[in-house]
Amino acid sequence: MSCLCITGADIREFGAKMSGPPLVPMIHMIEAAAKPVVAAIEGVALGGGLELALSCHYRIAHSKARLGLPEVTLGLLPGAGGTQRLPRLIGVPAALELITTGRHVTAAEALQLGIVDEVTDQNAVDAAVKFAQSVEGKSLDARRIGTFPCPRPPDLDAVFEKVMKEVRRSARGAIAPVTCVQAVHAAVTLPYAKGMERERELFSTLFTSGQARALQYYFFAQRAVSRWSTPSGARWDTSKPRPVRKAAVIGLGTMGRGISVSLAQAGFSVVAVETQEKQLLEAKQAVSGMLERDAKRRGAPLAHGNIKYSCSLKAAADVDLVIEAVFEDMALKKAIFRQLSAICKPGTFLCSNTSALDIDELASQTQSPELVVGMHFFAPAHVMKLLEVVYGPRSSPEAVATAMQMGKKIGKVSVAVGNCRGFVGNRMLKPYLEQAFFLLEEGATPEQVDQVLEEFGFPMGVFKVSDLSGLDVGWKVRKADGLVVPDSTGKSARIQGGRRYSPLGDLLCEQGRFGQKTGRGWYQYDKPGGRVAKSDPWLHRFLEEYRARHGLVARRIDQQEVLERCLYALINEGFQILQDGIAAGPEDIDVIYVLGYGWPRHRGGPMFFADMVGLDKVLDRLERYHQLHPDVPGLKPCSLLRKLAAGGCPPIHRWREVIQKPHSQL
Ligand SMILES: CC/C=C/CC(=O)SCCNC(=O)CCNC(=O)[C@H](O)C(C)(C)COP(=O)(O)OP(=O)(O)OC[C@H]1O[C@@H](n2cnc3c(N)ncnc32)[C@H](O)[C@@H]1OP(=O)(O)O
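So, how was this worked out
- Residues numbered from 1 in each chain as written.
- Predicted model: local features only at pLDDT ≥ 70, side-chain atom pairs only at ≥ 80, totals over all residues.
- Heavy atoms only, no water.
- UniProt positions renumbered as here; feature names shortened; annotations may be inferred.
- Helix = DSSP H or I, 4+ residues; strand = E, 2+ residues; numbered from the N terminus.
- Rg over C-alpha atoms; globule rule 2.2 N^0.38 Å.
- Buried < 20%, exposed > 50% of the residue type's maximum accessible area, 1.4 Å probe, protein only.
- Contact = heavy atoms within 4.5 Å.
- Areas by Shrake-Rupley, 256 points an atom, 1.4 Å probe, with all protein chains shown as cover.
- Lys, Arg positive; Asp, Glu negative; His and termini not counted.
- Charge placed at Lys NZ, Arg CZ, Asp CG, Glu CD.
- Axes fitted to C-alpha atoms, helices over the stretch in contact; angles between N-to-C directions.
- Parallel < 35°, antiparallel > 145°, perpendicular 65-115°, else oblique.
- Left-handed = near helix turned anticlockwise from the far one by under 90°.
- Nonpolar A, V, L, I, M, F, W, Y, C, P; charged D, E, K, R; others polar.
- 1 Å grid on protein atoms, 1.4 Å probe; cavity = no way out; pocket = protein on both sides within 12 Å on 5 of 7 lines; lining within 4 Å.
- Points joined across faces, edges and corners; volume = space filled by probe spheres on them.
- Domains from an automatic or database assignment.
- Core = buried A, V, L, I, M, F, W, Y, C linked by side-chain atoms within 4.5 Å.
- Pairing = 2+ DSSP bridges.
- Near = heavy atom within 4 Å.
- Polar contact = N/O pair within 3.5 Å; in protein donor to acceptor, adjacent residues only side chain to side chain.
- Right-handed = clockwise from strand over helix to strand, strands pointing away.
- Salt bridge = Lys/Arg side-chain N within 4 Å of Asp/Glu carboxyl O.

As annotated in an unreviewed UniProt entry, the protein carries the name Peroxisomal bifunctional enzyme and comes from Cyprinodon variegatus. According to its UniProt record, the protein has this under Subcellular location (unreviewed entry): "Peroxisome". Per its UniProt entry, the protein bears the Subunit (unreviewed entry) comment "Monomer."

Structure (structure tokens):
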């Protein structure tokens, strides 16, 4: 008997010396044992844990147990026989799906797939003892998975070709999923012992890869962000959240609807407020539809009953927490915060879903500024996992802790960040976008820039994303900032406040090209609302005319320059954010970028990427680009980057020691 609850290998040991006996000889010993070995699985059997269970002759799982081979999510493959045994046990297609996605399965699904022999609601060990007694004396010949022939699909080549194509497409440059397919292919085409050798070879290649390092760093980073701290010393372990049972959402546009769905699904009582009856009704129908579709997809009960709709802010009088999600208009938000402060019961937390505006300015409109924080969701709010919790200089530790806990309860990964224009995510996006525009002025095309970024691993390049989210959004902000002005010759100004500015986005908006919604943007679409971006000859002519009008000579720009200028400008802003104390550590930035902005997980996040490239190299390239473009402050290396490079480029886990935290009043 062997009782299992194993999360797999200790991931922290991967970069160091591994302790304990090696797993492969152990699984061979167990499988070869003359006495029956029954695995009793409680909790989880993941990675090496499941591989160990697969070497046992029988597996009994508790109904709440979860099983899986998640190695691929850490940049690895199951290297203790998992790729050779699982296809032998459950067939090639099912094994490929589990191994290439790393998906966990419930005990019930494991039973259905044939991974376990029995599921019990009782104590798994007791059930396994009983089971062992029932098979006493039976031959084990048919129970040693390593001795099974691997089922061979009749159209083997076609099956693997199709899977490989699909895996390559969805992996977006990640090597582990592709290598997992190669290992399973070995199970089908080679005898067991040779297959094991092949598995070991492939595992070794992955084990030392940069991608595995990045994914393992990211695994811990995503967990580290819950241990938040602020520059004034407020911390996750000394700040107590207050319970929230009832919450209000103000404004039921796209974001407000998604937030209401998230809250209702997590069991909160929700008051959803919209000013006009007509919009309220539309929102109610949309929210109900979203809840129904989601409940159907998850096989979960409907959460309709949790939401009350109202046209009056007064409906928020007795809630514990409010999330305001109206348009990005400071005057409107301020008016709402003033009213909420008068309407809500004392102690109600007032949160804003603003993506960039000053939380402190909103707090100043209320009687209790300490209760105000930002809760910045990402669209679609009921799907995206990221939540930026923004503390202002007056937010109380209790308010931060409550918003962080609320995020966790609705299934988000919450990252606490300081208050500044755009917080962490959108602030870093600005220099990235700016570089993409400048590259167009200098001779690149949207297709070229997007292709480089997609090859790096982003699901969409910057111009496709801009078309998707709408060019008018940024235009409105730039107009409000006074940037959209002609120069003395009547041409759109390319210098604003002494710094280079590209009016390209403004000029497209003036033509009514707002992106997908109008069927034209940086690309063309077959109709307004169309999704498939096609190259647009009009845009290319427009760029040529623009360059000619401004005396710009197009040059050939290579892939490396596109990547470095876009990414290093973004990374440089990340260092500035660390220096300013807006993010407590590089992990916060990396989690925000992976979960909110499509940064490829197998590259760890922008700050991890900088560490991998080498801080001295990033510094050197930024210095070079800044020399060439002295009117672009975003390319001037930040002093923290200089300091880290001068200090011998310490590894990312040592950066916090170097970061000087500024003083704050929190
Ligand atoms: C040759 C042999 C090779 C074998 C290959 C492998 O086995 S690779 C490892 C495969 N296993 C995994 O990938 C499992 C990773 N863990 C999880 O998916 C989850 O942690 C969990 C087990 C499903 C539990 O989730 P839950 O949400 O309940 O808790 P946390 O994720 O917050 O974890 C709690 C703390 O435990 C740490 N931790 C979890 N698993 C491991 C692990 N395998 N190695 C090291 N540490 C692990 C986790 O980091 C949390 O601690 P923090 O201090 O908060 O980081």
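Resuming the write-up.
Now for the overall build of the protein. Of regular secondary structure, the protein possesses 27 helices and 16 strands. In summary, the protein has a C-alpha radius of gyration of 28 Å against a globular reference of 26 Å for 666 residues, a match within 12%. By principal-axis analysis of the C-alpha atoms, the protein measures approximately 95 × 60 × 55 Å. Classification of the 666 residues of the protein by burial places 53% in the buried group. Look at the contacts in the protein between residues 6 or more apart in sequence, and 72% of them connect residues 24 or more apart. Put simply, the protein shows about 29,400 Å² of open surface, and 54% of that area lies on carbon and sulfur atoms. Put simply, the protein has 82 plus and 69 minus side-chain charges, and the middle of one group is 2 Å from the middle of the other.

Look at helix α16 (residues 425-442) against helix α17 (residues 446-456): their axes get within 9 Å of each other, and the N-to-C directions meet at 135 degrees. Taken as axis vectors, α16 and α17 run oblique relative to one another. Crossing angle aside, the handedness with which α16 passes α17 is right-handed. Between α16, through Y432, A436, L439 and L440, and α17, the contact on the second element is made entirely by P446, V449 and L453. The residue makeup of the contact of α16 with α17, split by class, is 7 nonpolar, no polar and no charged.

Here we take up the layout of surface pockets. Empty space within the second largest pocket amounts to approximately 590 Å³. Around the second largest pocket, the lining is made up of 20 residues, and of these R213, Q216, Y217, F220 and H653 lie nearest the centre. When residues of the lining of the second largest pocket are traced back to their parent elements, those giving at least two are α10 (210-224) and α24 (606-613). For the lining of the second largest pocket, the element with the most residues is α10, which contributes 8 residues. Classifying every residue of the lining of the second largest pocket by side-chain character gives 11 nonpolar, 3 polar and 6 charged. Mapped onto the domain boundaries, the lining of the second largest pocket takes at least three residues apiece from domain 1 (2-208) and domain 4 (561-660).

Our next topic: the nonpolar core. Counting residues in hydrophobic clusters, the biggest one holds 102 residues, and the most contacted among them are V449, W522 and F575. Considering each element in turn, this core owes the most residues, 10 residues, to helix α22 (residues 559-580). If we ignore the near neighbours within four places in the chain, the residues touching V449 are A436, L439, L440, A444, V462, F463 and V562. If you look at the next biggest cluster of nonpolar residues, it comprises 51 residues, including A45, L52, A110 and A183.

Reading across the sheet, the 8 strands line up as β9-β8-β7-β10-β11-β12-β13-β14 and stay open at both edges, with mixed pairing between neighbours. The open sheet terminates on both sides in strands that have one partner only, identified here as β9 (307-310) and β14 (413-418). Looking at each pair of strands side by side, their axes are set apart by 25 degrees on average, direction ignored. Of the strand pairs in this sheet, strand β8 (residues 269-273) and β9 are connected by 4 bridges, and their pairing is parallel. Pairing of A272 across the sheet is with Y309, part of β9.

Every one of the 18 residues lining the ligand counts as a neighbour, but T7, A9, I11, G48 and R223 are closest to it. Taking R12, its side chain carries an N or O atom lying 3.5 Å from an oxygen atom of the ligand. Here an oxygen atom of the ligand sits 2.6 Å away from a polar atom, N or O, in the side chain of R223. In isolation the ligand has 1,000 Å² of accessible area, and contact with the protein removes 68% of it. The element that contributes the greatest number of residues to the shell around the ligand is α10, accounting for 3 residues. Among the residues forming the shell around the ligand, the class breakdown is 8 nonpolar, 4 polar and 6 charged.

With omega at -10 degrees, the peptide bond leading from A379 into P380 counts as cis. Following the sequence through the fold, P380 ends up in the loop between β12 (372-377) and β13 (386-391). The phi torsion at R172 lies on the positive side, around 45 degrees, for a residue other than glycine. The topology assignment puts R172 in the loop between α7 (156-171) and α8 (175-189). Overall, the relative accessible area of 33% leaves R172 in the partly exposed class. Of note in the backbone geometry, C649 takes a positive phi value of approximately 55 degrees without being a glycine. Along the chain, C649 falls in the loop between α26 (639-646) and α27 (655-658).

Looking now at the domain arrangement of the protein. Split into domains, the protein comes out as domain 1 (2-208), domain 2 (246-422), domain 3 (444-549) and domain 4 (561-660). The C-alpha-based centres of domain 2 and domain 3 are spaced at 31 Å.

Quick look at the pairing of strand β2 (residues 38-46) now. Extensive coverage of β2 is indicated by the burial of 7 of its 9 residues. Examined bridge by bridge, β2 and strand β3 (residues 58-62) share 4 bridges and lie parallel to one another. Bridging from a neighbouring strand, I41 pairs with A61 of β3. You can see the chain leave β2, run along helix α2 (residues 48-55) and come back into β3, and the turn it takes is right-handed.

With that settled, consider the UniProt feature "domain: 3-hydroxyacyl-CoA dehydrogenase C-terminal" (unreviewed entry) in the protein. Annotation from UniProt places "domain: 3-hydroxyacyl-CoA dehydrogenase C-terminal" (unreviewed entry) at residues 422-525 and 562-647. For residues 562-647, the end-to-end C-alpha separation is 28 Å, with 71% helix and 0% strand making up the annotated structure.

Here L453 is to be found in helix α17. Judged by its relative accessible area of 0%, L453 falls in the buried class. Along the primary structure L453 and L563 are separated by 110 residues, whereas in three dimensions their C-alpha atoms are 6.8 Å apart. Aside from chain neighbours lying at most four places away, what touches L453 is Y432, F458, G461, V462, L563, C566 and L567.

So, on to the pattern of salt bridges. Going through the model one piece at a time under the given rule, you end up with 38 salt bridges. As a salt-bridge pair, E166 and R169 come within 2.9 Å of each other at their nearest N and O atoms. One end of the pair, E166, and the other, R169, are both in helix α7, 3 residues apart, so they sit about a helical turn from each other. Ionic pairing is found between E442 and R555, a salt bridge with its closest N-O pair at 2.6 Å. Note that E442 is positioned in helix α16 and R555 in the loop between α21 (537-549) and α22, a separation of 113 residues in sequence. Overall, the relative accessible area of 34% leaves R555 in the partly exposed class. Each of E441, E442, R494, R500, R555, E561 and R565 takes part in salt bridges that share partners, so that together they form one network.

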